[in-house]
Amino acid sequence: MTFSAAIRSRRPHSKLGRMVEHAPSSQSSARLARAVATEIARQVTDVVICPGSRNSPLSIALLRQPGLRVHTRVDERSAAFLALGIARVTRRHVAVVTTSGTAASNCIPAMTEAAHSHTPLLLVTADRPRRLVGRGASQTIDQVGLCGPVAPTLHVDSTMVDTIPGLLNEWCEGRYAVHLNVALDNPLLSEELLAEDEPAAAHNEGPARVAQVDHGEVELDLSKDTLVIAGDEAWEVPGLEDVPTLAEPTAPAPFRPVHPLAAGLFAKGEIATEGSSEYADYVARTKPEQIVVVGHPTLHRPVAKLMADESITVVSLSRTAQVTDPTDNARFVGSRVKVTGAPRKQWLNLCDALSAVAAETVREVLADSTFGFTGLHVAAGIADGLGVGDTVVLGASNPVRDAAYVGLPFGGVDTYSPRGTAGIDGTVSQAVGVALAVQSAHPWELRAPRTVALMGDVTFLHDVGGLLIPPGQPRPENLTIVVANDDGCGIFETLETGRTEYREYFEDAFGTPHGVDIAALCAAYGVEHRRVETLPELLIALEDAAERSQGVLVIEAVTTRRTRRELTDALSRGVGL
């Protein structure tokens, strides 16, 4: 037998055997896609789909679901962060649907942020049948366990069609980040996919059904000098209303706020005041006896120093499985407090005084023209124009810290920032998602509520593709994105990397100037752009934007990072640090 004859004799047997064993029904992918789409529609109000072949039956089935808001994006990474932005507002799962392979992998950053910020997000990945995994099939990877520990995988295939109803509901309950992997066999499309629609799925209403973790009750004597530190995911804890509170911008606005710049004074332990003709010199003890950490604070190093101080009794409150205690210094962990006693008047007065000194220091530094126009000035301009009903999205890095220094959080202003993993990923897309969710929540208003996003230039460029909204898709009606453009990564100017001994390496490794024409980028995406170079120009641009609904507007504030380290040092000196 010749070599070619041997090949011919083996081929029909091996291939036929495999085909017979695994031959799919011509209707199996359509039936599975319709069942999954119906189940998704029961769980979510919004879904983001991305173009692809393997997910084509899912996309068509979802577009045929009545009452489901479907958004389309060409980039899976942007799509996932768009879904995350919507979910931050709605507090219910939003689905993002992708094809197989690296398309699915692009959603891992958003899923990671969702898991760590406890934001509901449903990733639906189309896949090939398991028999093709590991056999060199095109665009095929092992997608079971794709997101690792942040989101276990629920894998379904055509043999499970009859079990789909209720399956996703059970899988989503109690989980934030959820991964549904759907194995779809060929043929992907068939007439059954376009069969007469079934009755509309009944949507589950309200936020995601994620059970809060109860860590129990902690007894707290408020006659001891107490400071509350409220971070992301914080809530208004009954019993702590009158306690001085250092709150990050995404926390609820406290009744008795403490400026974050004062944290260093608390950590210092004591401060001395100069005497006068009537009063002798006075040394005041500033270190609190106990700190109550609520949620997930991450912004300020002096705050972290307070939380790590072993001489302070630290109580950490959480309503999730994660407890913020990075130095293992928390003596008590709980979800509720039972308070006795009341704060000392002297302690309250001291906290008010330290906070006032800090706030005045920020005002003085902002008024010093030698620093030029910086990101802190941009944050101050935005804060100055906010009103009740506005929504704010803050990029990680300097913007969220600058916003804290200029007074956020404000009562009546909802503020969002990616503090779960504190990355700059997907910020533009999240801002678009937040704006879309806010306007969807107010469908009868003649003008959509305003959403203002503040981010740095590198954050903006990292996700500039988030500006791409295909024609006919839902678009934000009142979103202003302010880009503080200092041509690089200004935050590294303030860290150890900005010291003199490292300047030789700074620009290449940390500053990373880019020289990008942001106006040209905005023009390419069909987005309105305004450029400002001074604080008065910024205030005028923000005021103009507030008076009209302009869709999406990018205000590029051209700032300097040259003075950023000196500005930070001036803030510390101003409060005596």
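Everything quoted here is computed from the prediction, not taken from an experiment.

(A) Quick peek at the overall build of the protein chain. Helix and strand counts for the protein chain stand at 18 helices and 21 strands. Taking 2.2 N^0.38 as the reference for a compact globule, 577 residues should give roughly 25 Å; the C-alpha atoms of the protein chain span a radius of gyration of 27 Å, in line with that estimate. Along the first, second and third principal axes, the C-alpha set of the protein chain runs to 115 × 60 × 55 Å. Looking at the protein chain residue by residue over its 577 residues, the buried ones come to 52%. Within the protein chain, contacts between residues separated by at least 24 positions form 75% of all contacts whose residues are at least 6 apart in sequence.

(B) Region of interest: the nonpolar core. Of all hydrophobic cores here, the largest spans 60 residues; its most connected members are Phe-266, Val-378, Ile-382, Val-482, Leu-538 and Ile-555. Residue contributions to this core peak at seven residues, all from helix α10 (residues 345-367). For this core, the domains that each give at least three residues are domain 2 (217-354) and domain 3 (368-575). In this structure, Val-48, Ala-79, Ala-104 and Ala-453 belong to the second largest nonpolar core, which totals 48 residues.

(C) Spotlight on the domain arrangement of the protein chain. Under the domain assignment, the protein chain is made up of domain 1 (29-193), domain 2 (217-354) and domain 3 (368-575). The C-alpha-based centres of domain 1 and domain 2 are spaced at 43 Å.

(D) Seen up close, the UniProt feature "domain: Thiamine pyrophosphate enzyme TPP-binding" (unreviewed entry) in the protein chain. UniProt feature "domain: Thiamine pyrophosphate enzyme TPP-binding" (unreviewed entry): in the numbering of this structure it lies at residues 425-556. Secondary structure content for residues 425-556 is 36% helix and 19% strand, and the end C-alpha separation is 19 Å.

(E) The arrangement of the sheet that holds strand β3 (residues 95-98) in detail. The strand order β2-β1-β3-β4-β6-β5 describes an open sheet built from six strands, whose pairing is parallel. The sheet is open, and its two borders are formed by β2 (69-72) and β5 (153-156), each paired with just one other strand. The mean inter-strand angle of the sheet, taken between neighbouring strand axes irrespective of direction, is 20°. Inspection of the sheet shows strand β4 (residues 121-127) paired to strand β6 (residues 177-183) by seven bridges, in the parallel sense.

(F) Seen up close, the confidence of the model for the protein chain. With 91% of its residues at a pLDDT of 70 or more, the protein chain has an overall mean of 90. Below a pLDDT of 50 lies the segment residues 275-281, which in the model reaches four contacts outside its immediate sequence neighbourhood of four places, other chains included.

(G) Fine view of the environment of Ser-158. Relative to the assigned elements, Ser-158 resides in the loop between β5 and α7 (167-172). Ser-158 sits 101 residues away from His-259 along the chain, and the two C-alpha atoms are 57 Å apart. Discounting chain neighbours no more than four positions away, the residues touching Ser-158 are Ser-28, Leu-32 and Ala-183.

(H) The packing of aromatic side chains, seen in detail. Counted according to the given criterion, the structure contains three aromatic pairs. When the ring of Phe-492 is compared with that of Phe-510, the centres are 5.7 Å apart and the planes differ by 50°; the resulting orientation is tilted. Here the residue Phe-492 occupies a position in the loop between β19 (478-485) and α15 (503-511), and Phe-510 occupies one in helix α15, the gap between them amounting to 18 residues. Exposure remark for Phe-510: the relative accessible area of 25% places this residue in the partly exposed category. Ring centres of Phe-506 and Phe-510 lie 6.1 Å apart, and the angle between their planes is 45°; on these two criteria the pair is classed as tilted. Placement of the pair is Phe-506 and Phe-510 together in helix α15, with a separation of four residues, close to one helical turn. Above the face of the Trp-171 ring, Arg-175 is positioned so that its terminal group lies 3.8 Å from the ring centre. Here the basic side chain of Arg-503 rests over the ring of Phe-506, its NZ or CZ set 4.1 Å away from the ring centre.

(I) Main features of the side chain of Gln-473. Topologically, Gln-473 is positioned in the loop between α14 (457-462) and β19. The class of Gln-473 is buried, set by a relative accessible area of 16%. For Gln-473, the residues in contact, after removing those within four places along its chain, are Val-70, His-71, Thr-72 and Arg-73.

(J) Region of the structure containing the environment of Ala-380. As for its placement among the helices and strands, Ala-380 is situated in helix α11 (residues 375-384). Each C-alpha atom of the pair Ala-380 and Gly-407 lies 8.4 Å from the other, and the pair is 27 residues apart in sequence. In this view, Ala-380 contacts Leu-366 and Val-406; residues no more than four positions away in its chain are not counted.

Thresholds, definitions, all that
- Residues numbered from 1 in each chain as written.
- Predicted model: local features only at pLDDT ≥ 70, side-chain atom pairs only at ≥ 80, totals over all residues.
- Heavy atoms only, no water.
- Helix = DSSP H or I, 4+ residues; strand = E, 2+ residues; numbered from the N terminus.
- Rg over C-alpha atoms; globule rule 2.2 N^0.38 Å.
- Buried < 20%, exposed > 50% of the residue type's maximum accessible area, 1.4 Å probe, protein only.
- Contact = heavy atoms within 4.5 Å.
- Core = buried A, V, L, I, M, F, W, Y, C linked by side-chain atoms within 4.5 Å.
- Domains from an automatic or database assignment.
- UniProt positions renumbered as here; feature names shortened; annotations may be inferred.
- Pairing = 2+ DSSP bridges.
- Axes fitted to C-alpha atoms, helices over the stretch in contact; angles between N-to-C directions.
- pLDDT = per-residue confidence, 0-100.
- Phe/Tyr/Trp six-rings, centres within 6.5 Å; stacked < 30°, edge-to-face > 60°.
- Lys NZ or Arg CZ within 6 Å of the ring centre and 35° of its normal.

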